[in-house]
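Topology and contacts: notes
Listed here are the chains, written in short residue letters.
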2 protein chains.
Amino acid sequence: MTTTVAGFVGVTGNAGVKDGRPDVSLVHATGASTSAAVFTRSLFSGPSVTLSRAGDLAGLRAVVVVSGNANVATGDAGLADARELQSWAADRAGCAPEQVLVASTGVIGVPYPMDALRDGLAALPAAAPVDLDAVSRAIMTTDTHPKAASRQVGAATVVGVAKGVGMIEPDMATMLSFVYTDAQVPAADLDRVFRAVVARTYNAVSVDTDTSTSDTAAILASGAAGPVDLDELEAALLEVCTELVRMIASDGEGASTLIEVRVTGARDDAQAKLVGKAIVNSPLVKTAVHGADPNWGRVAMAIGKCSTEEDIRQEAVRIAFGGLETYPRLPTPEARSQLEAYLRNDEVVIEVDLGIAEGAFTVYGCDLTEGYIRINADYTT
Amino acid sequence: MTTTVAGFVGVTGNAGVKDGRPDVSLVHATGASTSAAVFTRSLFSGPSVTLSRAGDLAGLRAVVVVSGNANVATGDAGLADARELQSWAADRAGCAPEQVLVASTGVIGVPYPMDALRDGLAALPAAAPVDLDAVSRAIMTTDTHPKAASRQVGAATVVGVAKGVGMIEPDMATMLSFVYTDAQVPAADLDRVFRAVVARTYNAVSVDTDTSTSDTAAILASGAAGPVDLDELEAALLEVCTELVRMIASDGEGASTLIEVRVTGARDDAQAKLVGKAIVNSPLVKTAVHGADPNWGRVAMAIGKCSTEEDIRQEAVRIAFGGLETYPRLPTPEARSQLEAYLRNDEVVIEVDLGIAEGAFTVYGCDLTEGYIRINADYTT
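Rules and cut-offs
- Residues numbered from 1 in each chain as written.
- Chains lettered and ligands numbered in written order.
- Predicted model: local features only at pLDDT ≥ 70, side-chain atom pairs only at ≥ 80, totals over all residues.
- Heavy atoms only, no water.
- UniProt positions renumbered as here; feature names shortened; annotations may be inferred.
- Core = buried A, V, L, I, M, F, W, Y, C linked by side-chain atoms within 4.5 Å.
- Buried < 20%, exposed > 50% of the residue type's maximum accessible area, 1.4 Å probe, protein only.
- Contact = heavy atoms within 4.5 Å.
- Pairing = 2+ DSSP bridges.
- Helix = DSSP H or I, 4+ residues; strand = E, 2+ residues; numbered from the N terminus.
- Salt bridge = Lys/Arg side-chain N within 4 Å of Asp/Glu carboxyl O.
- Least-squares fit on C-alpha atoms with pLDDT ≥ 70 in both.
- Buried area = accessible area lost by both parts, 1.4 Å probe.
- Polar contact = N/O pair within 3.5 Å; in protein donor to acceptor, adjacent residues only side chain to side chain.
- Nonpolar A, V, L, I, M, F, W, Y, C, P; charged D, E, K, R; others polar.
- Phe/Tyr/Trp six-rings, centres within 6.5 Å; stacked < 30°, edge-to-face > 60°.
- Arc of directions from axis to C-beta.
- Axes fitted to C-alpha atoms, helices over the stretch in contact; angles between N-to-C directions.
- Parallel < 35°, antiparallel > 145°, perpendicular 65-115°, else oblique.
- Left-handed = near helix turned anticlockwise from the far one by under 90°.

As recorded by an unreviewed UniProt entry, chain A carries the name Arginine biosynthesis bifunctional protein ArgJ and is attributed to Cellulomonas chengniuliangii. According to the UniProt record, the Subcellular location (unreviewed entry) comment for chain A is "Cytoplasm". What UniProt states about chain A under its Function (unreviewed entry) heading is, verbatim, "Catalyzes two activities which are involved in the cyclic version of arginine biosynthesis: the synthesis of N-acetylglutamate from glutamate and acetyl-CoA as the acetyl donor, and of ornithine by transacetylation between N(2)-acetylornithine and glutamate."

This is the structure we're talking about:
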């Protein structure tokens with residue numbers, strides 16, 4: 001897999017936030033670049049998001065990420081710390097501070113260890129042609145696997161990196177995901193294409209219904225490979241981001257099974273998404289998948305929760321798992337055994353047809369296990 | 001605790017749904033009675049709810065409950081089975097079928113074992129003065145404790161019973177809860193008072209965000225004790241239902257801690273409820289409480305999820321646990337230790353003031369533990 005992109009350099013290292021492991025990364029364009037970015041809608045978003053949102057989102061040149069501390073709910077001091085980080089990155093990248101996107105994830109409500117952070121940043125080597133695989137490792141928090149994906153579009157390369165395994169139900173943006181390309185794309189086109197892809201990928205994944213305070217997704221294009229066909233770019237970007245989203249769901253905290261919920265036959269795509277989210281977020285559906293329990297009735301329950309959707313009639317609904325129908329034709333004992341066996345796969349597809357019209361949406365999530373509880377019952381202490 | 005109410009008789013027993021344990025109960029008034037009832041808004045509600053909702057809700061005379069099988073998503077056959085149960089109860093109670101409320105909870109998508117159920121019902125003894133404590137036991141499914149509460153209002157008694165520990169986030173109604181009183185109350189007054197109490201109690205509890213297909217709450221008044229003061233009745237009813245709701249949250253599947261979230265300073269009560277639900281439903285808040293992890297930042301995250309509420313400003317918010325402030329004044333190391341100790345209690349109170357106006361609401365929930373996963377990963381098999 002290609003994990004370098006012409007026109008971008010970077011550096012990763014430890015700057016005293018985590019014990020020894022990489023906890024800071026800087027990637028920047030060597031010349032002018034175009035960009036697009038979206039952010040969490042959380043009311044408790046941190047200063048990294050505040051600063052970044054106010055920046056030059058069409059002309060971002062650099063992305064600096066701290067992992068292990070979200071710098072959220074830390075007041076005025078936290079904002080000053082974020083500004084200092086942004087200025088450091090701007091100096092290194094040779095650009096204006098507003099051209100630096102700052103992102104930070106980890107524990108909330110604890111100030112950065114600024115003395116250690118300053119020393120660590122000062123000691124980082126100069127940026128060099130960057131392997132984005134190293135970047136995908138440096139932005140990890142409780143992730144167990146790094147997340148990177150790549151596609152070619154004509155002469156151009158698209159590489160995306162992402163992190164995030166808990167506090168994952170992005171709302172108009174994502175955990176952290178950064179896509180780099182050497183395609184030459186006007187910022188307005190990049191923005192339109194990126195938002196269309198975000199809607200079908202990052203905004204379609206949920207690990208635990210908890211929207212992060214730090215969600216950020218951005219794409220930077222260096223232009224080094226020249227212009228590309230925009231439809232091809234969108235297709236490649238959709239593949240890269242879908243691959244990252246599936247990695248996020250598979251690596252969901254404690255998860256053992258990727259759950260994909262395909263809703264069809266809805267009034268419109270928005271209704272399909274609403275129903276899909278109700279299913280993929282139901283703790284009872286998630287635990288049934290975890291236990292390979294053929295308790296398909298919980299999917300019916302989850303559909304039933306969408307009580308605003310009065311055009312959904314239970315008589316018109318069809319529910320299946322990987323092609324095995326469970327409703328309205330109730331499963332025979334043999335079919336239940338087949339379903340039980342199917343639920344032992346690493347990936348489970350739940351198919352719901354609402355029988356209304358042509359709206360469709362696919363969402364991604366994961367099972368709920370003892371591992372999620374263990375990880376999250378003892379995170380800061 | 002008084003668990004008998006003048007004017008009501010009943011019977012409980014096993015009718016072949018569960019192995020040996022009580023799985024059916026019938027309570028009925030010996031004469032005319034007034035009543036009020038509310039039901040789930042689930043789109044996948046079962047025939048019990050469909051039949052009951054179409055009944056004489058102001059003049060209910062009897063309540064029949066089957067536990068262990070929800071009779072939901074069972075098609076036309078399921079509806080016929082529910083009608084048969086309703087007719088049986090009407091015969092026993094000496095009233096019309098539409099005066100019988102039918103309720104059923106348990107596994108979804110599996111037909112009743114009708115042969116066994118018919119034999120079991122036929123073999124039940126005649127109704128007699130009923131100890132509602134026995135009824136509270138006969139309606140249990142995965143409950144580990146029966147749930148009953150009682151208050152006096154003048155010469156009248158109010159006794160409530162409830163069940164439910166999972167698939168609990170009632171929407172305009174509740175799991176199953178039945179309240180019996182010998183007060184004499186016109187049906188219209190009973191309805192108004194009951195709905196006001198339901199809004200502050202059953203609609204304020206969530207175990208796992210999953211709204212049941214079978215939620216039903218009803219009150220029946222025999223009138224045997226004569227008229228009472230309506231305000232006093234409402235106060236008593238609020239106490240009875242709050243006590244039941246706290247029992248439900250405490251007995252949440254796998255739960256070890258009752259979580260009470262008190263939101264104040266909101267624009268209005270509805271906003272306070274929205275924020276309270278976001279907190280009490282956050283799996284990350286629930287697991288932090290379970291682990292006695294002083295990770296209060298997750299409460300900030302959960303408030304941040306309410307992104308429609310643009311008048312909430314993080315600078316104006318105050319977060320505390322049992323009186324210990326954690327935001328905006330960040331906890332000292334000593335305060336973190338105090339908080340960690342506080343979180344080891346059986347009941348944890350999270351206090352949030354939004355600093356906007358006078359809106360307030362209190363919601364109830366529980367922690368999320370390995371026990372919830374174990375119970376729900378292996379429920380039907």
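Ile 303 of chain A together with Ile 303 of chain B are the most contacted members of the largest nonpolar core, which totals 158 residues. Beyond its immediate stretch of four places on either side in the chain, Ile 303 of chain A contacts Val 275, Ile 279, Ile 312, Val 317, Ile 319, Val 352 and Leu 354 of chain A together with Leu 43 and Phe 44 of chain B.

Residue and element names in this part refer to chain B. Overall, mixed pairing links the five strands, which are arranged S5-S4-S2-S1-S6 in an open sheet. The open sheet has two free edges, formed respectively by strand S5 (100-107) and strand S6 (128-129), since each of these has just one partner strand. Inspection of the sheet shows strand S2 (residues 24-29) paired to strand S4 (residues 62-69) by five bridges, in the antiparallel sense. The residue of S4 that forms the bridge with His 28 is Ala 62.

This brings us to the pattern of salt bridges. One side chain can pair with another of opposite charge once the charged atoms of both are near each other. Overall, the coordinates contain 38 salt bridges over all chains when judged by the stated rule. Linking Lys 147 of chain B and Asp 251 of chain B is a salt bridge whose minimum nitrogen-to-oxygen distance equals 2.7 Å. Note that Lys 147 of chain B is positioned in strand S7 (residues 147-153) and Asp 251 of chain B in the loop between helix H6 (230-250) and strand S11 (258-266), a separation of 104 residues in sequence. Side by side, Lys 147 of chain B and Asp 251 of chain B carry an identical accessibility label, which is buried. Beyond isolated ion pairs, a larger network of salt bridges with shared partners links Arg 246, Glu 260, Arg 262 and Glu 347 of chain A.

Mapping chain A onto chain B is achieved by rotating through 180 degrees and translating by 0.0 Å along the same axis, at an RMSD of 0.0 Å. A rotation of that kind, with that shift, is consistent with a two-fold axis. If distances are taken from each C-alpha of chain A to the rotation axis, the shortest is found for Glu 370 of chain A, at 2.5 Å. Mapped onto chain B, 100% of the interface residues of chain A are again interface residues, and the two copies thus contact each other with one and the same surface.

On to the interface of chain A and chain B, then. Counting residues at the interface gives 58 residues for chain A, matched by 58 residues for chain B. For the chain A and chain B pair, buried surface summed over both sides reaches about 4800 Å², with 61% attributable to carbon and sulfur atoms. Looking at the side of chain A facing chain B, the largest losses of area belong to Leu 43, Phe 44 and Ile 373 of chain A, adding up to 16% of the total buried there. There are zero salt bridges connecting chain A and chain B. Seen at the junction of chain A and chain B, the total is eight residue pairs in polar contact (both at pLDDT 80 or more). Of all elements in the fold, only helix H8 (283-290), helix H9 (297-304), helix H10 (333-342) and helix H11 (370-377) of chain A reach the threshold of two or more residues within the side of chain A that touches chain B. When the residues that make up the side of chain A that touches chain B are grouped by side-chain class, the tally is 25 nonpolar, 19 polar and 14 charged.

All names here are of chain B. In terms of strand pairing, strand S12 (residues 318-321) meets strand S14 (residues 347-353) through four bridges, oriented antiparallel. Counterpart to Ala 320 in the pairing with S14 is Glu 351. A loop of two residues connects S12 with strand S13 (residues 324-327), the two strands running antiparallel in sequence, and Gly 322 in this loop sits at a positive phi of about 50 degrees.

A few words on the packing of aromatic side chains. What the rule picks out here adds up to six aromatic pairs over all chains. Both rings, one in Phe 44 of chain A and one in Tyr 327 of chain B, keep their centres 5.4 Å apart while their planes meet at 70 degrees; by these two values the pair is edge-to-face. Separated into two different chains, Phe 44 of chain A in the loop between strand S3 (34-39) and helix H1 (47-53) and Tyr 327 of chain B in strand S13 make up a pair that spans both. Classification of Phe 44 of chain A by relative accessible area gives buried; the value is 1%. Overall, Tyr 327 of chain B belongs to the buried group, its relative accessible area being 7%. Cluster of aromatic residues (ring-pair linked, three or more members): Phe 44 of chain A together with Trp 296 and Tyr 327 of chain B.

Moving on: helix H10 (residues 333-342) of chain B. All names here are of chain B. All of the buried residues in H10 are Ala 335, Leu 339 and Tyr 342. Along H10, the residues classed as buried sweep out an arc of 60 degrees about the axis, all on the same side. Those residues of H10 that are exposed and aimed more than 90 degrees away from the buried face are Pro 333 and Glu 334. Those residues of H10 hidden inside the fold are in contact with S12, S13 and S14.

Residues and elements named next belong to chain A. The buried count for S3 comes to five of six residues, which makes it a mostly enclosed element. In the sheet, S3 pairs with strand S10 (residues 216-227) via six bridges, with the strands oriented antiparallel. Across the sheet, residue Thr 34 finds its bridge partner in S10, namely Ala 221.

Before going further, it helps to examine unusual backbone geometry. For the bond running from Tyr 327 of chain A to Pro 328 of chain A, omega is 10 degrees, close enough to zero to count as cis. Mapped onto the elements of the fold, Pro 328 of chain A is located in the loop between strand S13 (324-327) and H10. Located in the positive-phi region is Ala 292 of chain B, a residue other than glycine, with phi close to 50 degrees.

Taken N-terminus to C-terminus, the directions of H8 of chain A and helix H11 (residues 370-377) of chain B make an angle of 70 degrees; their axes are 8 Å apart at the nearest point. Considered as vectors, H8 of chain A and H11 of chain B are oriented roughly perpendicular to each other. Our pair here, H8 of chain A against H11 of chain B, has a crossing hand that is right-handed. Residue-level inspection shows Pro 283, Leu 284, Thr 287, Ala 288 and His 290 of chain A of H8 of chain A in contact with H11 of chain B, the latter providing Tyr 372, Ile 373, Asn 376 and Ala 377 of chain B. Residues of the contact of H8 of chain A with H11 of chain B, tallied by class, amount to six nonpolar, three polar and no charged.

What follows covers the UniProt feature "binding site: substrate" (unreviewed entry) in chain A. Summarizing the sequence annotation, UniProt attributes the feature "binding site: substrate" (unreviewed entry) to Thr 141, Lys 163, Thr 174, Glu 253, Asn 376 and Thr 381 of chain A in the numbering used throughout. Topologically, Lys 163 of chain A is positioned in strand S8 (residues 156-163). On the basis of relative accessible area, Lys 163 of chain A is assigned to the buried category, the value being 7%. A polar contact of 3.1 Å, which involves the side chain of Lys 163 of chain A, links it to the side chain of Thr 105 of chain A. By the element assignment, Glu 253 of chain A lies in the loop between helix H6 (230-250) and strand S11 (258-266). Setting aside its immediate chain neighbours within four residues, Glu 253 of chain A contacts Thr 142, Val 165, Gly 166, Val 207, Tyr 372, Ile 375 and Asn 376 of chain A together with Leu 284 of chain B.

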